[in-house]
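Structural characterization, general
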Amino acid sequence: MSIHLLDAMSREGFEQVIAFHDRGSGARALLAIHDTVQGPAFGGIRRWSYASDEHALRDCLRLARAMTWKVALAGLRAGGAKLVLLERPAQDRERVYEALGGFIESLGGRYQAGPDVGTGDAELRALARRTQYLACPGEEGPGELAEATAAGVHHGMAAALQALDGAVDWPRRTVVVQGLGAVGSELARRLVSAGARVIGAERDSRLALAVGARLEIELVDPERAPEVPCDVLAPCALGGVIHDLSLQRIAARCIAGAANNQLVRNLHGDQLHERGVLYCPDFVLNAGALIRGVLFQQEGRREPVEAIGQRIGATLAGVLEQAAAEQRSPARVANDQAIARIAAWRKIAGG
Ligand code: NAI
C-alpha cells in the first residue's frame, strides 16, 4: 500500500499534515489538520501501535476528515483534525506527552487536542503541563466526555428505534454493546436503567466480568457479538467492524454505536441498507464529547449531557427522515449533508 500524500490532501481538502519527532523523548506523531475555516480544528490524540508509518498516516487522515464531518453535522463553529502518536516500547510516556504538549502549544491554538484511544486522564494531565490547547475531561475541564458520548448514542438509538417501529419502547428491546470501556459501559448503564435487555461483549475478560456483575447484564463471546439476534448492535470498541465478512453475519436490525469509522468502506453502508439493517452514521452519533469539549473551550460552559443527547437524537432523526424519503442509505445522506455544509463554509470564506 502506498499513499501519495499531497494528492490525498488535495482530493480530500486537507489544510496541513505535520510529522513530529522529539529528540529527547523519542516521541513520533502525525497531525492532520483537515479544516479550520470556521474555527480551530478539534480532534483527540490516538496512541496506537501501527504496523507502519503509512498505516498511521492513513488512519490519521481518515480520522481527521471524520472529525470535520462530525463538527459539520453537529452544527459547531470549529474544524476537524487528528493526532496519532506512534506507540513504541520502552518510552517514558509522561515525557512523550509533555513533548507533544510543547508541539501543540507551538501551533498557537490552531489545533485543540482531546482524549481518544490510548490517551486518557493521565496522558492529558502530562500534556496540560505544556499546552493550554486541550479539552481535558474532569473538574477543571468540560467534565466527563465519555458520558456525553454515551448520552448521544443512547438518544440516537432511541431516534433510530422510533424511525424503525414508531416507538422506542426500551423494555421490549435487546441491545448488544460491543466494548464495555468508558463509553460502552456508560451506554450499557443507561440502557439498563431505561429497562432494555443488554448483552455485553468485551475482549478484556476481567473488565467484562466486572461490568457484567455491576450492571447485572449478560455477556457474550466478543467474536459472536455480530451474530446475536437483537434490535440494536452498538459498536463501542474499535472502528472497521463492518466489512465484507462481518456484514454477512450481522443479525441486528439496527447498528448504532460510538466507535469511529465503523464502515470499512462507504459501500458497506449501502449493503447494510440493501439488507434492511438501519445503520446510524457513527460521526452523527458519537459527537457528544466533541460538542461538550467545543462548547467548553469556546464559551466556557458545560452543556448538560441530556441536552447534548437530545441534540444528537434530533440530528440523527433528520438524517433518517431524509434517507427514508430518498430511499438511500443513512450513511450516504449524512456524508452528503456534511460535504455540503463544509463546501458552504469554504465558499463563504472564499477558500
Ligand atoms: P475504551 O478504550 O475505554 O473502550 C474500548 C473497549 O473495547 C476496551 O475495553 C477494549 O477492551 C474493548 N474492545 C476492543 N476490541 C474489542 C472487540 N473486538 N470486541 C469487544 N471489545 C473490544 O474506549 P472508549 O473511550 O470507550 O471509546 C470507544 C470507541 O468510541 C472508540 O472507537 C473511540 O474512538 C470512540 N469514541 C469515543 C469517544 C469518547 O468520548 N470516549 C468519543 C467519540 C468516539
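Criteria and cut-off values
Residues numbered from 1 in each chain as written. Predicted model: local features only at pLDDT ≥ 70, side-chain atom pairs only at ≥ 80, totals over all residues. Heavy atoms only, no water. Helix = DSSP H or I, 4+ residues; strand = E, 2+ residues; numbered from the N terminus. Buried < 20%, exposed > 50% of the residue type's maximum accessible area, 1.4 Å probe, protein only. Near = heavy atom within 4 Å. Polar contact = N/O pair within 3.5 Å; in protein donor to acceptor, adjacent residues only side chain to side chain.

Turning our eyes to something else, we now look at unusual backbone geometry. Residues other than glycine seldom take positive phi values, yet Asp169 does so here, at roughly 50 degrees. Inspection of the secondary structure assignment puts Asp169 in the loop between α5 (145–165) and β6 (174–178). Take Asp169: its relative accessible area is 36%, and that puts it in the partly exposed class. Phi is positive for Gln327, close to 50 degrees, though the residue is something other than glycine. Note that Gln327 resides in the loop between α12 (305–326) and α13 (330–349). A relative accessible area of 67% places Gln327 in the exposed class.

Before going further, it helps to spend a moment on the site of the ligand. Neighbouring the ligand are 23 residues; Thr149, Ala182, Val183, Glu202 and Ala237 lie closest to it. Interatomic distance of 2.6 Å between a backbone N/O atom of Ala237 and an oxygen atom of the ligand. Contact distances for the ligand include 3.1 Å between an oxygen atom and a side-chain N or O atom of Asn260. Mapped onto the shell around the ligand, the elements with two or more residues apiece are α5 and α6 (182–194). A total of 3 residues in the shell around the ligand trace back to one element, the largest contributor, which is α5.

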